[in-house]
Amino acid sequence: MLIKASDFISFLQRCGNERIGEYDEIIVPVMSSDEDTLNWKKLDNNLTFSLESSRTVDPLKILYYLFRDSVTDKKYKKSKRLVAGVKACDINALVLLDKAMINEEFVDPSYKYWRETTTVISVDCTTIKDSCHCDLIGGLPYPSRGFDLNLSRIDEYYYITAGSEKGDVLLTLIKQYCSVEAPSDDAVNKINGFRNQIASELRYQNQKYNSRENLRTLKYPAIENWQNNSKDCVGCGACTNICPSCYCLILNDESKAEKFVKVRSYDSCQLHGYARVAGGGNPRPKISQRFRNRYLCKFCYMMDNFEMLGCTGCGRCIDACPAEIDFREVVDKLVNHVDSVISEPPKIKTQTLGRL
Amino acid sequence: MNNLFEVIPAKVFGVDQESPLIRTLHLEPERPISFKTGQFVELTIPGIGEGPFTPSSSHFISDHLDLTVMKTGFVTNYIHQTHVGEKVGLRGPFGSHYPLDKFKGKELLILGGGCGLAPLRSLFMTLLDEVDDYKSITFLAGAKTPNDCIYKDQIDDWRKYSNVNIFRAVDEVPAGQKWDEDVCLVTKLLEKVQIDPKGNPAVVCGPPVMMKFGTLDLLRAGYAEDQIYLSMEKKMYCGFGQCRHCMVGSYYACKDGPVFPYSQIKNEEDIWD
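Structure report, in brief. Predicted model only: the values in this text are computed from it and were never measured.

On to the overall build of chain B, then. Assigned secondary structure in chain B consists of 6 helices and 15 strands. Against the globule reference of 19 Å for 273 residues, chain B gives a C-alpha radius of gyration of 18 Å, in line with a compact fold. Buried positions account for 59% of the 273 residues belonging to chain B. A fraction of 69% describes how many contacts in chain B between residues 6 or more apart in sequence connect residues 24 or more apart. When the accessible area of chain B is evaluated, it comes to approximately 10,800 Å², of which 48% is carbon and sulfur surface. The positive charge centre, built from 28 side chains, and the negative charge centre, built from 36, are 2 Å apart in chain B.

Have a look at this one:
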């Protein structure tokens, strides 16, 4: 289905102004004044937004898994929300977050609420950022699953694909307000051509990095190798907070009127007290150990837990790092690290033992 | 599905000061909490914080439960200031439990030290409720000094069962304290045990260093790796695998554990830290 891009934009604006579709909130990426970064903003009258381009500064998770959110005694009102301009990397992260937060054993009430009330419109990437590297972890700069509607830009048009029931409903609504046309074979070819072009630009940008195979070998380099790579790390936790798929939380009691409610906020495995237990025991007291934990979590532990990588290649951790540590380089140096001590599983030392 | 973050209010109806640093709270939750022995709950002090504790009472009682808590940090300091009649909160139960079915008909060895005796008391009390189902139960309990020993006034009752053996040891006896049982590391008590390790299970809980050497001793004695059950102490923050603080490799201590057979986690890193 093809729709004029300008028609689609004014449709979104009308949704906001005239409550078409009864969306209580419409969230879109807005270019910062220096025209360099995109940020999630609520749509209002005079806002110029840009659906295409590349990913936003903040990950999509901040709209579903709020930085600070109460999880008990909360009343969820009926509402409807539309988020447009989501990129493939964030959509993939949502797939992981869904597995972690809505499953047979556990449901996060707040995440589920936002997930159910939100319709996601994703868009193919039309530009790439220096830190983008979804190609390295087997991703693509356009989504193939997990969206309600997807838009692919082609000249003055968007090619619209519905990916869910919610998407079908929205598409029906769009048809009521905008004229749509069936795409010609030529148009479809053009979209595929453009998608391939962006993908190959991305591969060109990241050609110096190896493709991500044997990621499990990250378990093997000796800690000295991790120390070498984490010398500049200050352990601030920016990388995990900004990661679209990190969801470690900390629980607090917050005083509300006559009772306390549980509030969860983001935590970071990069912080010293993260795994420390009462009495002082800490499995990862050193920065290098915590630095290593993030890589193993992304590539080994989350794979075990969810059968997918915990990294979507969005590159936000690279942009956010105050020490300018490049995630891609670290993985490259330490995967298949042959000259290190390829360790067996850690052995328990057996000295000073009594006999039975 | 229940909201697992939801706190069940519970009334403190009794407090036993077991040792200078350890006390047992007797709690009455507003609705029964049916746990299986070995599982843990999160105890909340409203407005202060919460921590994971394994009940130390039998799992056949769900409307009351005991929690034995050592004063060792911020939250436990507040727990030690609670009084009878106060309201606290509980979440849970969470995690894996001791596989009692696999213990039945066997000669069970229980090895514990310090505050690690809390979950073991729960196991032991649960076993006592069906004591004839087990061939024998041998409980080795350790503490630093006689004053640090917990459940002192219950030991004599426990010793009355014909198929129950209890050996206790303290690391040292400071001047002025009395002790007429063994003075050694608790793992040394294994020398007194006359159980054929083949096919029989052992349960270990205690400070990390004790668990480590206890496990190694049991392995040396011939216990099979999958017959040694460990109660792992990690930072179980949420209780259901969501916060990821307690991960042991890709296992969650809160969800896959806290009770692990040694064979399951022996290759994971930092298990004793």
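A few words on the sheet that holds strand β3 (residues 40-45) of chain B. The strands that make up a sheet are held in pairs by hydrogen bonds between backbone atoms, and each pair lies either parallel or antiparallel. Residue and element names in this part refer to chain B. Pairing is antiparallel across the open sheet formed by 6 strands, whose spatial order is β4-β3-β6-β1-β2-β5. What marks the edges here is a single partner per strand, and that holds for β4 (49-53) and β5 (65-70). Sheet twist, expressed as the mean angle between neighbouring strand axes with direction ignored, is 40°. Of the pairings in the sheet, the one linking strand β1 (residues 8-17) to strand β6 (residues 87-94) comprises 4 bridges and is antiparallel in character. In the strand pairing of β6, K11 is matched with K87.

What follows covers helix α5 (residues 208-221) of chain B. Residues and elements named next belong to chain B. In a regular helix each residue adds 1.5 Å, so 14 residues correspond to 20 Å; α5 covers 20 Å between its end C-alpha atoms and thus fits that length. By the burial criterion, the buried members of α5 are M210, M211, G214, T215, L216, D217, L218 and A221. Structurally, α5 contributes buried residues whose contacts are with β7 (107-113), β11 (202-205), β12 (228-231) and α6 (262-265). Immediately downstream of α5, the backbone of G222 shows phi near 110°, a positive value.

A word on the environment of E104(A). All names here are of chain A. For E104, the position within the fold is in the loop between α3 (88-101) and α4 (109-117). Judged by its relative accessible area of 79%, E104 falls in the exposed class. As for E104 and A84, which are separated by 20 residues in sequence, their C-alpha atoms are 29 Å apart.

This part is about the packing of aromatic side chains. Scanning the model with the defined rule gives 26 aromatic pairs over all chains in all. A ring pair is formed by Y151(B) and W158(B), whose centres lie 6.2 Å apart and whose planes are at 55°; its orientation type is tilted. Assigned by exposure class, Y151(B) and W158(B) land together as buried. Each member of the aromatic cluster is reached from another via a ring pair, and the members are F106(A), F5(B), F40(B), F94(B) and F240(B). The positively charged end of K61(A) is found above the aromatic ring belonging to Y266(A), 4.5 Å away from the centroid. When the ring centre of Y158(A) is taken as reference, the NZ or CZ atom of R153(A) above it lies at 5.3 Å.

Here the focus is the nonpolar core. Inside soluble globular proteins, nonpolar side chains tend to come together where they are buried. Membership of the largest hydrophobic core comes to 92 residues, with the highest contact counts inside it found for L218(A), Y247(A), Y295(A), F299(A), L109(B), L218(B) and L230(B). Setting aside anything within four residues of it in sequence, one finds L218(A) in contact with W226(A), Y295(A), L296(A), F299(A), V331(A), L334(A) and V335(A).

Parameters and conventions
- Residues numbered from 1 in each chain as written.
- Chains lettered and ligands numbered in written order.
- Predicted model: local features only at pLDDT ≥ 70, side-chain atom pairs only at ≥ 80, totals over all residues.
- Heavy atoms only, no water.
- Helix = DSSP H or I, 4+ residues; strand = E, 2+ residues; numbered from the N terminus.
- Rg over C-alpha atoms; globule rule 2.2 N^0.38 Å.
- Buried < 20%, exposed > 50% of the residue type's maximum accessible area, 1.4 Å probe, protein only.
- Contact = heavy atoms within 4.5 Å.
- Areas by Shrake-Rupley, 256 points an atom, 1.4 Å probe, with all protein chains shown as cover.
- Lys, Arg positive; Asp, Glu negative; His and termini not counted.
- Charge placed at Lys NZ, Arg CZ, Asp CG, Glu CD.
- Pairing = 2+ DSSP bridges.
- Axes fitted to C-alpha atoms, helices over the stretch in contact; angles between N-to-C directions.
- Expected span 1.5 Å × (residues − 1).
- Phe/Tyr/Trp six-rings, centres within 6.5 Å; stacked < 30°, edge-to-face > 60°.
- Lys NZ or Arg CZ within 6 Å of the ring centre and 35° of its normal.
- Core = buried A, V, L, I, M, F, W, Y, C linked by side-chain atoms within 4.5 Å.

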